[in-house]
Amino acid sequence: MRILVVAEHDQGALKGVTLSAVGFARALKDAEPEILLMGHQVGSLAEQLRRYGPVWVADHEALRLAAADRYAEIIRRVAAERQASMVVAAASTFSKDILPRAAALLDGTMGTDVVGVQEENGQLLFLRPVNAGSVVATVALMGEPKVLTLRASAFKSPEPGEPQEVHPIAVDPTSLPNLIEVVRRDSKTSSRPDVTEARVVVSGGRGVKNAEDFERIIGGLADVLHGGVGCSRALVDAGVTSNDLQVGQTGKIAAPDVYFAVGISGAVQHLAGMKDSKVVVVINKDPDAPAFEVADYGLVADLYQAVPELIQKLQPSP
Amino acid sequence: MKILVTVKRVPDPDQKIKLTADGRQLDLSGLPCVVNPFDAIAVEEALRIRERSSEAGEIVVLSIGAAECEEQLRTALAMGADRGIRVDTPAAADPWNVAAIVQAVVAREQPGLVLMGKQAVDDDSNQVGQFLAARLNWPQATFASKIEFVDGHAEVNRETDSGIERVRIALPAVITTDLRLNEPRYVSLPGIVRARKKPLEVLSLEALGVALQPRVKLLGVTIPTSSRAGTRLRDVDDLVQRLKELKVI
Ligand SMILES: Cc1cc2nc3c(=O)[nH]c(=O)nc-3n(C[C@H](O)[C@H](O)[C@H](O)COP(=O)(O)OP(=O)(O)OC[C@H]3O[C@@H](n4cnc5c(N)ncnc54)[C@H](O)[C@@H]3O)c2cc1C
Ligand SMILES: Nc1ncnc2c1ncn2[C@@H]1O[C@H](COP(=O)(O)O)[C@@H](O)[C@H]1O
C-alpha cells in the first residue's frame, strides 16, 4: 500500500511533525511510505527526509510559498502517478488548507485529525476526535485515495535509516493553477519552541491581565524550563497574545511532557488542545475551576504570586 | 455582490454530550442547538461587507439537513440575511456530500462569494470549504481573520500556525472564517419578527440533481475520560519538588 506523506516546512526548517506522519505510515501493514516535498530551494530538506523514505521533490520558484491551489495540484499529480492509496500529513493550518483541496481533486475521501487506526476484516478504521475532543469517533472512509491529516502527538517519529532515492519532479509553472497570490507572510522569529514541538509548554489564560504580565510571568516560567508558551482563546480575543499561540479545538494541539495551564478555567475547547500532554499542572485561584479535573497536579493560588515565586525557585543558582 | 453563506445546525458547544443508553451513538435528544459559531461569524461578515459597500447585494443563507435546521436559518435571517434555503436530506450529510450540495446551490444562485465557517464544531472536519473551492475550480482563502476588497479582488488575512498570511484572490471565491474575523451581532426582537416574513425555500436533492454518496461512515463513538489524579499541591515548594521528581528541572 503506497502512502504519500506530504512534508511541511517553514523558513527553511523541516517541521518535526512531518516525521510523526511518516511514523504513522510506517506502522501500517504492507506500507510503502514515500515523501512529497514541495517548495523552493529545498535540497537540504530532501537530504534530511531521504533518511525516512524515498522523496519526491517539486522544487520551483512558483512553489516558494504554499498556495493551496498549486500545492493541491502537485499533490494530485504525484498521488495519481504513484497510485497512492493514502495521502497523509501532520494536522496543521498548512495541511488543513491544502489536503482537503487535493482530496477533492483526487475524488478521494478524507479524515481530519486522525489519532488512531484499527484493522477490521481487512478494512482500515480511523479514530478521530469530534465535538472539541469530548467524543472520539470511529469512521470508515469509503473510496480512494484516503486523505488524512494526523495528530502528530498520537504517532511516534521513526529512527532515521539508510538514505533513499530522491526524485525531482519537473514543474512547469504555466501548467499550474494561479488562483491564489500570497501577498505577505509573517515571518515570526521566536526564541522559544512552538507549542506543538516543545517538551514543556506554559500556557496563560484570562487570569493574566496584559501583554507585559504575559511575557514576564508565562514567558518567564517557560524560559527557566526551556519551554514554549501557549494561551487560551480568551487572551487572543483580548489582544494580549497572538493567534498562533492559541491551544485548543481551533488552535494548536500541544502534547508536551509537562503542560502548565495558568489562569485558564478549562473550557472543553481549550482542553481539546492539551489533553494528550503527559503531565498537566494547573495553577488557578478558583478551587472549583474545571481545569483541576484534568490536572495531575493542581495548585490553588494567585498566579501573580505563585508563578514569580516558582520562577525564582527554579532559577539556576549562580 | 450576492453572497451565499452556509449555516450548520450544531449542538450547543457549551453543553455536555452524552451517549445513548446502548453506548453506540451520541444522545442528541434534548440538547439545545445553535448556529455553528464559525457560521454565525460568516453571516456577520456578509452583513458587514454589504453595510460598508455602496452596491446592494443579496445575502442568501443555506442549511442542509432536516426541518429543524430552519431554526438556525431563521436566526441568520433575524441577524439580517435576506433569504433562506434549506436542502432537505434524510440523514446528516458528510462533508463530501455537503460540498456537492453547496456546489449545486452555487450553480443555481450564482453568488459572487461563498462564505462559510472553517469548521463545524460538531464534526470538526474543516473540509467543506476547500472541497467546494476545488470542485468549482475557484480560489479559496481559509481561516480568514480580515477580508477586504481591493480592485475587484478579495484580500484576506489568514490565521496560520506561524502567524498571519495575506492572500489576494479573484472573485468568485470561497472564504472560510476564523474566530477573530468579527463578533456576531445579537438578534434583535424586530429582527426576529422581520425574519418570520422572509422567504425560506426548501429544496429536495432531486430538484438539485444531487445523489448522496456517503464517503465517511460513522461506526462508533466513545467518550474519553480523564484518568489524571488531580493531586492538590500545598504550595510552590511542593510544586518545585514534583517538578524535580518529573525531571523537568
Ligand atoms: C467555536 C469556539 C472555538 C473555541 N476554540 C478555543 C480554542 O481553541 N482554545 C481556547 O482556549 N478556547 C477556545 N474557545 C473559547 C473557550 O470556550 C473559552 O472561552 C476560553 O478557553 C476561556 O479562556 P480562559 O480559560 O483563559 O478564560 P476564563 O474562562 O475567563 O478563565 C479564566 C480563569 O483564570 C482564573 N484566574 C483569574 N485570575 C487569576 C489569578 N490572578 N490567578 C490565578 N487564576 C486566576 C479564573 O479563576 C478562571 O478560572 C472557543 C470558543 C468557541 C465558541
Ligand atoms: N449540514 C450543513 N449545512 C450547512 N452548512 C454546512 C453543513 N455542514 C457543513 N457546513 C458548512 O461547512 C463548514 C465546514 O464544515 P466541516 O468541513 O464539516 O467542518 C461549516 O462551517 C458550514 O459552514
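The coordinates are above.
The structure contained in this document is the topic of the report that follows.

Calculation notes
Residues numbered from 1 in each chain as written. Chains lettered and ligands numbered in written order. Predicted model: local features only at pLDDT ≥ 70, side-chain atom pairs only at ≥ 80, totals over all residues. Heavy atoms only, no water. Helix = DSSP H or I, 4+ residues; strand = E, 2+ residues; numbered from the N terminus. Buried < 20%, exposed > 50% of the residue type's maximum accessible area, 1.4 Å probe, protein only. Contact = heavy atoms within 4.5 Å. Areas by Shrake-Rupley, 256 points an atom, 1.4 Å probe, with all protein chains shown as cover. Lys, Arg positive; Asp, Glu negative; His and termini not counted. Charge placed at Lys NZ, Arg CZ, Asp CG, Glu CD. Buried area = accessible area lost by both parts, 1.4 Å probe. Salt bridge = Lys/Arg side-chain N within 4 Å of Asp/Glu carboxyl O. Polar contact = N/O pair within 3.5 Å; in protein donor to acceptor, adjacent residues only side chain to side chain. Nonpolar A, V, L, I, M, F, W, Y, C, P; charged D, E, K, R; others polar. Pairing = 2+ DSSP bridges. Near = heavy atom within 4 Å. Phe/Tyr/Trp six-rings, centres within 6.5 Å; stacked < 30°, edge-to-face > 60°. Lys NZ or Arg CZ within 6 Å of the ring centre and 35° of its normal. Core = buried A, V, L, I, M, F, W, Y, C linked by side-chain atoms within 4.5 Å.

Thoughts on the overall build of chain B
Thought 1: Helix and strand counts for chain B stand at seven helices and 15 strands.
Thought 2: The C-alpha extent of chain B, read off along each of the three principal axes, is 65 × 50 × 40 Å.
Thought 3: The buried share of chain B, reckoned over its 249 residues, is 55%.
Thought 4: A separation of at least 24 residues holds for 70% of the contacts in chain B among residues at least 6 apart in sequence.
Thought 5: Of the roughly 11100 Å² of accessible surface on chain B, a fraction of 51% belongs to carbon and sulfur atoms.
Thought 6: For chain B, the centre of its 33 positive side-chain charges and the centre of its 34 negative side-chain charges are spaced 1 Å apart.

Let's talk about the interface of chain B and chain A
Thought 1: The partner chain A presents 80 residues to the 70 residues of chain B that form the contact.
Thought 2: On the chain B side of the interface with chain A, the three residues burying the most area are Asp161, Arg215 and Arg228 of chain B, jointly 12% of the side's total.
Thought 3: In this structure, the salt-bridge partner of Arg168 of chain B is Glu181 of chain A, at a minimum N-O distance of 3.8 Å.
Thought 4: At the boundary of chain B with chain A, the tally comes to 43 residue pairs in polar contact (both at pLDDT 80 or more).
Thought 5: If you list the elements that add at least two residues to the side of chain B that touches chain A, you get α4 (128–136), β9 (140–150), β10 (153–160), β11 (163–170), β14 (216–222), β15 (231–232) and α7 (236–245) of chain B.
Thought 6: The element best represented in the side of chain B that touches chain A is β11 of chain B, accounting for eight residues.
Thought 7: Of the residues contributing to the side of chain B that touches chain A, the split by class is 33 nonpolar, 16 polar and 21 charged.
Thought 8: Note: strand β13 (residues 180–185) of chain A against β11 of chain B, five bridges, orientation antiparallel. Counterpart to Glu181 of chain A in the pairing with β11 of chain B is Arg168 of chain B.

A look at the site of ligand 2
All names here are of chain B.
Thought 1: In the vicinity of ligand 2 there are 19 residues, among which Thr6, Asp39, Ala120, Asn126 and Gln127 approach most closely.
Thought 2: One of the side-chain nitrogen or oxygen atoms of Asn36 is found 3.0 Å away from an oxygen atom of ligand 2.
Thought 3: Backbone polar atom of Ser125 to an oxygen atom of ligand 2: 3.3 Å apart, as the coordinates give it.
Thought 4: Coverage of ligand 2 by the protein chains reaches 98% of its 480 Å² of free accessible surface.
Thought 5: Elements with a minimum of two residues in the shell around ligand 2: β6 (59–64), α3 (95–109) and β8 (113–117).

Side note on the pattern of salt bridges
Thought 1: Counting across every chain of the model gives 47 salt bridges over all chains.
Thought 2: Note that Arg215 of chain B and Asp107 of chain A form a salt bridge whose closest N and O atoms lie 3.1 Å from each other. One end of the pair, Arg215 of chain B, is in the loop between α6 (205–208) and β14; the other, Asp107 of chain A, is in the loop between α4 (93–105) and β7 (109–114), on a second chain.
Thought 3: Between Arg48 of chain B and Glu44 of chain B there is a salt bridge, with its nearest N and O atoms 2.7 Å apart. With a gap of four residues between them, Arg48 of chain B and Glu44 of chain B both fall in helix α1 (residues 37–52), about one helical turn apart.
Thought 4: One connected set of salt bridges, linked through shared partners, spans Asp10, Asp97 and Arg185 of chain A together with Arg158 and Glu165 of chain B.

Some details on the packing of aromatic side chains
Thought 1: Evaluation of the coordinates by the stated rule reveals three aromatic pairs over all chains.
Thought 2: Between Tyr71 of chain A and Phe94 of chain A, the ring centres sit 6.1 Å apart and the planes meet at 85°, which makes this aromatic pair edge-to-face. Taken together, the residues Tyr71 of chain A in helix α3 (residues 68–81) and Phe94 of chain A in helix α4 connect sequence positions 23 residues apart. By the burial criterion, Tyr71 of chain A is buried, and Phe94 of chain A matches it.
Thought 3: A cation over an aromatic ring shows up here: Lys118 of chain B above the ring of Phe143 of chain B, its NZ or CZ 5.6 Å from the ring centre.
Thought 4: Looking at Arg232 of chain B, its charged tip hangs above the ring of Phe292 of chain A, at a distance of 4.2 Å from the centre.

Some remarks on the nonpolar core
All names here are of chain B.
Thought 1: Ranked by size, the top nonpolar core spans 95 residues in total, and within it Val87, Leu115 and Ile175 carry the most contacts.
Thought 2: Of all the elements, α3 adds the most residues to this core, at nine residues.
Thought 3: If sequence neighbours within four positions are ignored, Ile175 has contacts with Leu113, Val114, Leu115, Met116, Ala141, Ala144, Ile147, Ala154, Val156 and Ile169.

Remarks on the side chain of Ser85 of chain A
All names here are of chain A.
Thought 1: Positionally, Ser85 belongs in the loop between α3 and β6 (86–90).
Thought 2: Overall, the relative accessible area of 12% leaves Ser85 in the buried class.
Thought 3: Among residues more than four places away in sequence, those in contact with Ser85 are Met1, Arg2, Glu144, Pro145 and Lys146.

A word on the site of ligand 1
Thought 1: Every one of the 29 residues lining ligand 1 counts as a neighbour, but Arg206, Ser232, Gln246, Ser265 and Asn284 of chain A are closest to it.
Thought 2: Each of chains A and B places residues near ligand 1.
Thought 3: Between ligand 1 and Gln246 of chain A, the relevant distance is 2.6 Å, taken from an oxygen atom to a side-chain nitrogen or oxygen of the residue.
Thought 4: Take Gly263 of chain A: an N or O atom from its main chain is 3.0 Å from an oxygen atom of ligand 1.
Thought 5: Tallied by class, the residues present in the shell around ligand 1 amount to eleven nonpolar, 13 polar and five charged.

Coordinates in, geometry out; function isn't part of it.
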